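Commentary on secondary and tertiary structure
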Amino acid sequence: MRRKAFLQKGLLLIGGWAAFSCIPKTMSSNISISKKSPSLGLKYQPDASTFALWAPNAEAVRLHMYKDRLVQTVQLAKEENDIWSVRLVGNWVGHSYTFQIRHNGIWMEERVDPYARAVTVNGKRGAVLDAASVSPPNWTDDRPPPLAHKSEAIIYELHIRDLSMDPDAGIEQAGLFLGLAEEGTRSPQGLSTGLDHIRELGVTHVHLLPIFDFRSVDENRRDQYNWGYDPQHYNVPEGSYSTEPQQPARRLLELKTMIQVLHKAGLRVVMDVVYNHTGYTEESLFYQLAPGIYHRMRPDGTFSNGSGCGNEIASERPMVRKMIIDSLLYWVEEYHIDGFRFDLMGLHDLETMREIERVLLERDPTLLLYGEGWTGGESTLPETDRALKHRIQELPGISAFSDDLRDAIKGNVFNHHDRGFASGQDGWKESLQFGIVGAVSHPQIDMEKVRYSGTPWAGAPTQSIAYVSCHDNHTLFDKLEISVPDATPEERIQMHILAYTIVLTSQGIPFLHAGGEFLRSKGGEENSYRSPDSVNRIRWAQKSTYQEVHDYYKALIALRKAHPAFRMKTAEQVQEHLEFLPSDSDRFFAYRLKEHANGDDWKEILIAFNGDSVAHSLSLPQGEWFLVADGKKVAVRRASVSGDVQVPARSGYIWMRGDGQ
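Summarised in this report is the structure supplied together with it. All chains use their own residue numbering, which begins from 1 and follows the written sequence. With the structure being a predicted model, the display of local features is reserved for residues of pLDDT at least 70 and the display and counting of side-chain atom pairs for 80 or more, all residues being used for whole-chain, interface and lining totals. Note that water and hydrogens are dropped before the side-chain values are worked out from all heavy atoms of the structure.

1. What about the overall build of the protein?
The helix and strand labels rest on DSSP assignments: H or I over at least four residues marks a helix, E over at least two residues marks a strand, and numbering proceeds from the N terminus. Across its full length, the protein carries 17 helices and 28 strands. Rg of the C-alpha trace for the protein: 26 Å, near the compact-globule value of 26 Å for 661 residues, within the 12% margin. Each principal axis of the C-alpha atoms in the protein carries an extent, and together these give about 90 × 55 × 45 Å. Sorting the 661 residues of the protein into buried and exposed places 63% on the buried side. Restricting the contact set of the protein to residue pairs at least 6 apart, pairs at least 24 apart contribute 71%. Here the open area of atoms and residues is found with the Shrake-Rupley method and a 1.4 Å probe, where only the protein chains shown may cover a residue. Carbon and sulfur atoms make up 47% of the accessible area of the protein, which totals about 23,600 Å². Looking at charge distribution, the protein has the averaged site of its 72 positive side-chain charges lying 5 Å from that of its 86 negative ones. Taken over C-alpha atoms, the radius of gyration is set against a globule rule of 2.2 Å times the number of residues to the power 0.38. Between buried and exposed lies partly exposed: a residue is buried under 20% and exposed over 50% of the maximum accessible area for its type, with that area taken using a 1.4 Å probe on protein chains only. Whether two residues are in contact is decided by their heavy atoms, any of which lying within 4.5 Å being enough. Think of it this way: Lys and Arg go in the positive column, Asp and Glu in the negative one, and His and the chain ends go nowhere. Positions of charges follow a simple convention, taking NZ of Lys, CZ of Arg, CG of Asp or CD of Glu.

Rendered as structure tokens:
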């Protein structure tokens, strides 16, 4: 069934809501105050709607109701715990609303509340509708594909627009939620694109850059681009990814439709969340409705700026923590989100992350939780309270990105000309090996030689997100072009393949940047957060140009999924079953996954990485070995080898040995 028809069928369930046209007559006097503190935000019922706002430093609060123009202003009553509320009798679907508080004798600006779940275009006002009823057919039956353990996860990071804005994508709903839901799309070369491509690649999770409502794009236009790390409304889907952002219900329905299709395609959905700062500062809804409460402030009264974006959220305050957890639960329960990536997680306090871990994993133990274990600048939050990478063992259900592995492979991301192991630079081997073991303690790792981490920071390998490239900084292809300018195109491709081979065979959870499987480039642009589609879009013709590379990465993913030795669950397993072989070279080493690691049906797996510009010789351990992967092909049924073998320059080789061999 075509997605367009599927959507139209879904609209029948919500009738006038999607058209935003069920407008009741204005009810100017049917107002009653609730007798107890209600849940926050809008609670819609056909016969009455309750509006509640937490405003701890307000002297008065009023609610403005709109229908094209202002139709009514009502005062809210103060309840327990600094919650203000009002109940409006009647069916208010079709109206929009704002809150306004008086603070220090001055009426602040009108804003939508932090708990809003539907808004008008560009988030100017909240929209009255029952978000839970805006769903595609069979939504209550929607389930994600099974995930026995998070060690099985393979993450694919994607921006909604990047997937479909290239004309060669063959996607009708380009740049929209529904574009990712289209099936059967092909490039002019006849190769799968979009959703079919992702499914074909074999990953388990699609990580979506921010899909909540952000402020930097005018939703009335189709030609603007932003990554979306400037939050406006945490609980509302972004309208620029909807076919009709002017209709409040449409974005809700289309996001759910997309998630439902991804689940049916065997893919789980991870949401990139940015609770560490707000898009605006003084102008934000958080400041205008609760001045100085949601943000951390310096002693001189200025905003703490550990995000590098002008402000940071005070997650350690109980009601701010509640807001974050309530938001996360809402996305899980209402939109069936399967995991969260926490932007600048180091700006969140440890207690908040502990509570997030407890609440979410009690709700669904299969949820994937991970984040950036660092800050974007100096913060007023004490370092000992931050959810930083080196404190991640205190959060056993949460993972962190391994910058150790990332930079060991390709060089420091902030030094454009710096090179790593895959690009032929000495000094990274110990850091690389530390990344390969999943950042856990290992008897063969000399932590004094690991560049970034003085001690093992992961309690289990699954706490380490293994990656070499993401939306930030240069793509791997561009980094190699800049840092190794004298290399031939073929040599850089070899380095690229070596880098991805390391990621896909490391312990931990592999994380892939969309398009990297066919050498994605952004033309050398380092920070493309607001660059046009011409820079950011995935160029689908490259899948044909570099089809052998794509097919090899696809085969490595299949190999990883087929063999649990590559995805051990505990530090003890890694310590027992992963053994590095002796090597005097800083650019060459090998290691064994032995004794049926993690129940693997192969007795042993041997992996060798050569980041040098010349071949290296390797003495295979005793026994009969079969070459599995050589940078060009993944296949088990080959002639057996033993003794000394040559590992070519800039390559990763994999052998296996079974019982009785």
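2. Some words on the nonpolar core
Grouping buried Ala, Val, Leu, Ile, Met, Phe, Trp, Tyr and Cys residues that are joined through side-chain atoms within 4.5 Å yields what is termed a nonpolar core. Membership of the largest hydrophobic core comes to 148 residues, with the highest contact counts inside it found for Met258 and Phe340. For this core, the element with the most residues is helix α8 (residues 318-335), which contributes 10 residues. Apart from the residues within four sequence positions on either side, Met258 is in contact with Ile160, Phe177, Leu180, Ala181 and Leu208. Val74, Tyr97, Ala116 and Val128 belong to the second largest nonpolar core, which has 25 residues in total.

3. What about the pattern of salt bridges?
Note on definitions: salt bridges are taken to be side-chain nitrogens of Lys or Arg within 4 Å of carboxyl oxygens of Asp or Glu. Using the criterion set out here, one finds 37 salt bridges in the structure. Between Asp403 and Lys389 there is a salt bridge, with its nearest N and O atoms 2.7 Å apart. In this pair, Asp403 sits in helix α10 (residues 403-410) while Lys389 sits in the loop between β17 (368-371) and β18 (399-401), placing the two residues 14 residues apart along the sequence. Asp403 sits in the buried class, given a relative accessible area of 12%. Lys389 gets classed as buried once you look at its relative accessible area, which sits at 10%. The structure contains a network of salt bridges with shared partners spanning Glu579, Arg592, Lys594, Glu604 and Arg657.

4. Focus: the packing of α10 against helix α11 (residues 429-436)
Throughout, an axis means a line fitted to C-alpha atoms (over the contacting stretch in the case of helices), and angles, computed between N-to-C directions, take values from 0 to 180 degrees. Orientation of α10 relative to α11, taken along the N-to-C sense of each, is 135 degrees, at an axis distance of 8 Å. As summarised for this structure, α10 and α11 are arranged oblique, according to the angle between their axes. For the pair α10 and α11, the crossing hand works out as left-handed. Listed contacts from α11 to Asp404, Leu405, Ala408 and Ile409 of α10 are Ser431, Leu432, Phe434, Gly435 and Ile436. Broken down by class, the residue content of the contact of α10 with α11 amounts to 6 nonpolar, 2 polar and 1 charged. Roughly parallel here means an angle under 35 degrees, roughly antiparallel means over 145, roughly perpendicular means 65 to 115, and every remaining angle is called oblique. Take the far helix as the reference: if the near one is turned anticlockwise from it by less than a right angle, the crossing is left-handed, and if turned clockwise, right-handed. Residues are grouped as follows: Ala, Val, Leu, Ile, Met, Phe, Trp, Tyr, Cys and Pro are nonpolar; Asp, Glu, Lys and Arg are charged; every other residue, Gly included, is polar.

5. Some points on the sheet that holds β18
Ordered in space as β11-β12-β15-β16-β17-β18-β19-β20, the 8 strands form a closed barrel in which the pairing is parallel. Averaged over all pairs of adjacent strands, the angle between their axes in this sheet comes to 30 degrees, without regard to strand direction. A pair of strands is treated as paired once DSSP finds two or more bridges between them. Where strand β16 (residues 339-342) meets β17, 4 bridges bridge the pair, whose relative direction is parallel. Following the sheet pairing, Phe342 is matched in β17 by Gly371.

6. Focus on the packing of α8 against helix α9 (residues 350-363)
Relative to each other, α8 and α9 sit at 25 degrees, their axes nearing to 10 Å. Relative to α9, α8 is oriented roughly parallel. Helix-helix and strand crossings are classified by hand; for α8 and α9 the assignment is right-handed. Contacts from Arg321, Ile324, Ile325, Leu328, Leu329, Val332 and Glu333 of α8 reach α9 at Glu351, Thr352, Glu355, Ile356, Val359, Leu360 and Arg363. Split by residue class, the contact of α8 with α9 holds 8 nonpolar, 1 polar and 5 charged.

7. Thoughts on the layout of surface pockets
Buriedness of a pocket was judged along seven lines, with at least five required to meet protein on both sides within 12 Å; pockets are open sets of points on a 1 Å grid over the protein atoms alone, cavities are sets where a 1.4 Å probe fits but cannot get out, and lining residues have an atom within 4 Å of a point. Grid points are joined across faces, edges and corners, and a volume is the space filled by probe spheres set on the points. Roughly 890 Å³ of internal volume is contained in the largest pocket. In this structure, the largest pocket is lined by 35 residues; those nearest its centre are Trp227, Asp343, Glu372, Asp472 and Asn527. Per-element accounting of the lining of the largest pocket gives the leading share, 3 residues, to α10. Its residues assigned to classes, the lining of the largest pocket shows 11 nonpolar, 14 polar and 10 charged.

8. Some points on the sheet that holds strand β28 (residues 651-657)
One open sheet holds the 6 strands; their spatial order is β21-β22-β23-β28-β25-β26, and the pairing between them is antiparallel. The sheet is open, and its two edges are formed by β21 (578-580) and β26 (640-641), each paired on a single side. As defined by bridge partners, β21 adjoins strand β22 (residues 588-593) across 3 bridges and the pair is classed as antiparallel. Residue pairing across strands places Phe580 opposite Tyr591, the latter belonging to β22. Strand contacts of helix α13 (residues 489-505): β22, β23 (604-610) and β28, with the helix running at about 150 degrees to β23, the strand carrying the most contacts.

9. A closer look at unusual backbone geometry
Unusually for a residue other than glycine, Asn598 sits at a positive phi of about 55 degrees. Mapped onto the elements, Asn598 comes out in the loop between β22 and β23. Residue classification places Asn598 among the buried positions, given a relative accessible area of 16%. Phi is positive for Arg650, which is not a glycine, with a value near 50 degrees. Secondary-structure assignment places Arg650 in the loop between β27 (644-647) and β28. For Arg650, a relative accessible area of 13% gives the class buried.

10. Some thoughts on the pairing of strand β3 (residues 48-54)
In terms of burial, β3 is largely enclosed, as 7 of its 7 residues are buried. The alternating pattern of β3 places Ala48, Thr50, Ala52 and Trp54 on one face and Ser49, Phe51 and Leu53 on the opposite face, and all of these are buried. Two strands pair when backbone bridges link them, and strand β2 (residues 41-45) and β3 are joined in this way by 5 bridges, in the antiparallel orientation. When the bridges of β3 are listed, Leu42 appears paired with Phe51. Taking the residues that link successive antiparallel strands as the turn, the β2-β3 hairpin has 2 residues. The pairing of β3 with strand β7 (residues 83-89) spans 7 bridges and is classified as antiparallel. Residue pairing across strands places Leu53 opposite Trp84, the latter belonging to β7.

11. What to know about the environment of Gly643
Along the chain, the position of Gly643 falls in the loop between β26 and β27. Sequence separation between Gly643 and Pro621 is 22 residues; the distance between their C-alpha atoms is 7.4 Å. Apart from residues lying up to four places away in sequence, Gly643 is in contact with Leu618, Ser619 and Leu620.

12. Notes on the side chain of Lys410
Mapping Lys410 onto the fold places it in helix α10. For Lys410, which is buried and forms no salt bridge, the nearest opposite charge comes from Asp407, at a distance of 6.1 Å. Think of a polar contact as two N or O atoms within 3.5 Å of one another; within protein, one of them needs to be a possible hydrogen donor and the other a possible acceptor, and neighboring residues in sequence only count if both atoms come from side chains. Separated by 2.7 Å, the side chain of Lys410 and the backbone oxygen of Val468 make a polar contact. The contact partners of Lys410, leaving out residues within four places of it in the chain, are Asp418, Arg419, Gly420, Ser423, Val468, Ser469, His474, Leu476 and Lys479.

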